[in-house]
Amino acid sequence: MSAPIDIQPGETFTLNVGPQHPATHGVLRVKLEMDGEYIVHAETVLGYIHRMHELMGENRTYPQVLPNLSRLDYLGALGYTHGHVLAVERACGIEVPERAEYIRAITVELNRVASHLFWFGAFVMDLGGFTPLMYAIQDREYILDMLERVTGSRLTYCYYRFGGLYNDIDDEFIPAAKAFIPRMRESLKKYDALVTGNIILQKRLKDIGPLSKDICKRYGATGPVARGSGIDYDVRKNEPYSVYPEFDFDIPVYHECDSFARYKVRMDEMEQSLRIIEQGLEKLPDGPIMPKKKPKLIKPPVGDYYQAVETARGNFGIRIVSDGGKNAYRFKLRSPTYSNMHLFDEACEGMLIMDALALMGSLDLVIPEIDR
Amino acid sequence: MGAYFSEIFRGLQSLAIGMGITFREFFKPVVTVSYPMETIKMSERYRGHTELVENEDGTPKCVACGMCQRACPSKSISLASKSVEYEVEVKGEIKTKKKKVLTKYNLNFTTCSLCGQCVESCNFGAIDFSKDYNLASSRKEDFHFDLLERLKERNS
Ligand code: SF4
Ligand code: SF4
């Protein structure tokens, strides 16, 4: 028989959450120094699934890197591949046909909705509610089916090409997407009644896990995390790219700074994405999906190129330094959750462990994207 | 005091609304399939592992040019060829010419990322994605596909 642990008042102990723990949604380890139920100090430990995507970007030719980008964030992969192709197109000066850009915007937004839906389900499950995950996955399934029909894969897409797309959308895509929008709006209403209005959820999230504007700025947090803290920043509006200036949509911003604000931001963003998809389908021009003149070999001229895009998780930046060769000299990825996660260490000090896990869920971490 | 009770009331009400929604969902049709008994048809563009495309006479279209091998980011393709002589009639004369014939086309599916670079780089339309997805095994070797062998099996 083991002797009972004798903890003296004021004594702390170390608790490891992860690397194999459902609450961390992946191989992330959080070292917590606990005083009873309260966190004294937290430290996130990374490196369990580092795959050297940046180095691969420097060792492979430009087209060969295409599949890598969707392996960063497997929930919202299209946003990342979009950033990559835009960066290389900017470097090489490739003109993209309008139809291709519209299809890109539509599919990226669909992917954003899918990503937020999965976050919604997983987040509510973190808080102890299982049913919403099932509803969310059912809705997400419609999106995955649509995307599978055009891209050929369900999660790790390799659909965009430098200059355009791998193939055009088929006849079924447009009616399916048009039917999806009202169905998704119904579902959002359902989620509002089922989850948002739920007293338990509100008690667990309101005024819990405050992230001040200041801490978001210091750590470089972007995306819904920053927008839940009153920072009105979205790359689609602030540094417009692709065909986003053509669309009429709003950026939801909440000033409460708590976990509930971040929850609300993402729920509202789904509606805004639906608006973009709706307008995109309406305006979708006819025409080619690949430019007529496209360099056979992708060899950007010597220079330093940067492109930022708004993915489901925030500002994703990609920097390509070219020495004129077939491979990039430097291939730097700035991933949003890397910054979003690091504020967790500071923000969770003095919190109850259950509240801290709710805060972590509201950050929407995807570990392969942090540890790329 | 009044606020206290009204919060309890609103809380209970929100739970009842939630229960109502799950109760209604209970009677909605089932959307899942019971997998091994039922399967779903893969869409037209579904990307399974690659496979060789054949001519009408059953021989592979592939001319062993090696473009796909070079384009593959993960070095998943290895192929070999031999050159054979064959005779053609050009303007009444019989001439012997040489051509490359594929003798081996191996795909290491454990490293393939289904990116499509090989399919895109082939100028002869000689490879395409299959619709296979029932691929489970505990042995790594089961994913080293001999595509030429598979092509023969398909034809027999
Ligand atoms: S799909 Fe991509 S990774 Fe797979 S064999 Fe073809 S080129 Fe290689
Ligand atoms: S499959 Fe196509 S690209 Fe590959 S060796 Fe054969 S002909 Fe060449």
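Whatever comes next refers back to the structure up there.
Once a new chain begins, its residue numbering starts again from 1 and follows that chain's sequence as written. Whichever chain is written first becomes A and whichever ligand is written first becomes 1, with later ones labelled in order. At least 70 in pLDDT is required for a residue's local features to be given in this predicted model, at least 80 for side-chain atom pairs to be given and counted, and no such filter applies to totals for whole chains, interfaces and linings, which use all residues. Heavy atoms throughout the structure, all of them, feed into the side-chain values; hydrogens and water do not.

Below, the discussion takes up the packing of aromatic side chains. Residues and elements named next belong to chain A. Any two of the Phe, Tyr and Trp rings considered here, Trp counted by its six-membered ring, make a pair once their centres fall within 6.5 Å; the pair's planes then place it as stacked at under 30 degrees, edge-to-face at over 60, or tilted in between. In total, this model carries 18 aromatic pairs over all chains according to the counting rule given. With a centroid separation of 6.0 Å and 50° between ring planes, the pair formed by W119 and Y263 is classed as tilted. In this pair, W119 sits in helix 4 (residues 98-126) while Y263 sits in helix 11 (residues 259-283), placing the two residues 144 residues apart along the sequence. Here W119 and Y263 have matching classes, each one buried. Taking 4.6 Å as the distance between ring centres and 35° as the angle between the ring planes, the aromatic pair formed by F120 and Y191 counts as tilted. Linking F120 in helix 4 with Y191 in helix 6 (residues 173-196), this pair joins segments that are 71 residues apart in sequence. For the pair formed by F120 and Y191, the shared burial category is buried. Put simply, DSSP marks the helices as runs of H or I at least four residues long and the strands as runs of E at least two long, and each gets a number from the N terminus on. Exposure categories follow from relative accessible area, calculated using a 1.4 Å probe and restricted to protein chains: below 20% of the type maximum is buried, above 50% is exposed, and the middle band is partly exposed.

Another point: the site of ligand 1. All residues in the neighbourhood of ligand 1 are listed as C72, P73, S74, I77, L107, C112, S113, L114, C115, G116, Q117 and C118 of chain B. Residue polarity follows a fixed list, in which Ala, Val, Leu, Ile, Met, Phe, Trp, Tyr, Cys and Pro are nonpolar, Asp, Glu, Lys and Arg are charged, and the others, Gly among them, are polar. Here the residues of the shell around ligand 1 are counted per class, giving 8 nonpolar, 4 polar and no charged. Nearness here has a simple test: a residue counts as near a molecule or strand if at least one of its heavy atoms is within 4 Å of that partner.

Further remarks concern the side chain of D364 of chain A. All names here are of chain A. Checked against the element boundaries, D364 lands in the loop between helix 13 (353-362) and helix 14 (367-370). On the basis of relative accessibility, which here comes to 4%, the residue D364 falls in the buried class. In protein, a polar contact means a hydrogen-donor-capable atom and an acceptor-capable atom, both N or O and within 3.5 Å, with residues adjacent in sequence counting only if both atoms are side-chain atoms; elsewhere, any N or O pair within 3.5 Å suffices. Only 2.8 Å separates the side chain of D364 from the side chain of R313, close enough to count as a polar contact. The contact rule is simple, with two residues in contact once any of their heavy atoms fall within 4.5 Å. Those residues in contact with D364 that lie beyond four places of it in its chain are W119, R266, R313 and T337.

This part covers the sheet that holds strand 5 (residues 144-146) of chain B. Residues and elements named next belong to chain B. Pairing is antiparallel across the open sheet formed by 3 strands, whose spatial order is 2-3-5. The open sheet is flanked by strand 2 (77-90) and strand 5, the only strands paired with a single partner. Neighbour to neighbour, the strand axes of the sheet diverge by 20° on average, direction disregarded. In the sheet, strand 3 (residues 93-108) pairs with strand 5 via 3 bridges, with the strands oriented antiparallel. Within the sheet, the bridge partner assigned to N106 lies in strand 5 and is D146. Only strands that DSSP links by at least two bridges are regarded as paired with each other. Axis definition: a line fitted to C-alpha atoms, limited for helices to the stretch in contact. Angles are taken between N-to-C directions and run from 0 to 180 degrees.

At the junction of the two partners, chain A supplies 29 residues and chain B supplies 27 residues. Buried area: the accessible area, evaluated with a 1.4 Å probe, that two parts lose upon being put together, summed over both parts. Carbon and sulfur atoms make up 50% of the surface buried where chain A meets chain B, a total of about 2300 Å² over both sides. Counting the surface chain A buries against chain B, the share from its top three residues, Q64, Y166 and I199 of chain A, is 21%. Among the salt bridges present, the one from E120 of chain B reaches R161 of chain A, with a minimum N-O distance of 2.8 Å. Between the two partners, chain A and chain B, sit 18 residue pairs in polar contact (both at pLDDT 80 or more). Elements supplying a minimum of two residues to the side of chain A that touches chain B: helix 2 (62-69), helix 5 (131-151), helix 6 and helix 7 (199-205) of chain A. When a carboxyl oxygen of Asp or Glu lies within 4 Å of a side-chain nitrogen of Lys or Arg, that pair is called a salt bridge.

Residues and elements named next belong to chain A. As summarised here, the arrangement of the 3 strands in space is 1-2-3, forming an open sheet in which the pairing is antiparallel. Looking at the sheet topology across the chains shown, the edges are occupied by strand 1 (13-17) and strand 3 (38-45). Pairs of neighbouring strands in the sheet enclose a mean axial angle of 25°, with direction left out of account. Both strand 2 (residues 29-35) and strand 3 contribute to a ladder of 7 bridges, which runs antiparallel. Following the sheet pairing, M34 is matched in strand 3 by I39. Helix 12 (residues 336-347) rests against strand 2 and strand 3 of the sheet, and its axis sits at about 150° to strand 3. Across the face of the sheet, helix 13 comes into contact with strand 1, strand 2 and strand 3 while running at roughly 155° to strand 2.

Residues and elements named next belong to chain A. Grouped together as the largest cluster of nonpolar side chains are 83 residues, with contacts concentrated most on L110, F120, M184, Y191 and Y263. At 14 residues, the largest contribution of residues to this core is made by helix 4. Apart from residues lying up to four places away in sequence, M184 is in contact with V113, L117, D139, Y191, M270 and L274. Side-chain atoms within 4.5 Å link the members of a nonpolar core, which is a set of buried Ala, Val, Leu, Ile, Met, Phe, Trp, Tyr and Cys residues. Residues I39, I208, M351 and L359 belong to the second largest nonpolar core, which totals 29 residues.

Below, the discussion takes up the site of ligand 2. Taken together, C62, V63, A64, C65, G66, M67, C68, L79, C122, F124, A126 and I127 of chain B make up the full set of residues adjacent to ligand 2. Classifying every residue of the shell around ligand 2 by side-chain character gives 11 nonpolar, 1 polar and no charged.

Our focus in this paragraph is helix 11 of chain A. What sets the pattern is the α-helix's 3.6 residues per turn: residues three or four places apart point alike. Helix span, expected: 1.5 Å multiplied by one less than the number of residues in the helix. Taking 1.5 Å as the rise per residue, helix 11 of chain A with 25 residues should run 36 Å; its terminal C-alpha atoms sit 36 Å apart, in good agreement. Counting buried positions along helix 11 of chain A gives 19 out of 25 residues, so the element sits mostly inside the fold.

This brings us to the packing of helix 4 of chain A against helix 13 of chain A. Residue and element names in this part refer to chain A. Contact pair helix 4 / helix 13: the axes reach a minimum separation of 9 Å and the direction vectors enclose 175°. As far as their axial angle goes, helix 13 and helix 4 are roughly antiparallel. Taking contact as the criterion, the partners of W119, F123 and D126 in helix 4 are, on helix 13, A358, G361 and S362. Among the residues making up the contact of helix 4 with helix 13, the classes are represented as 3 nonpolar, 2 polar and 1 charged. These descriptions rest on fixed angle ranges, namely under 35 degrees for roughly parallel, over 145 for roughly antiparallel, 65 to 115 for roughly perpendicular, and the rest for oblique.

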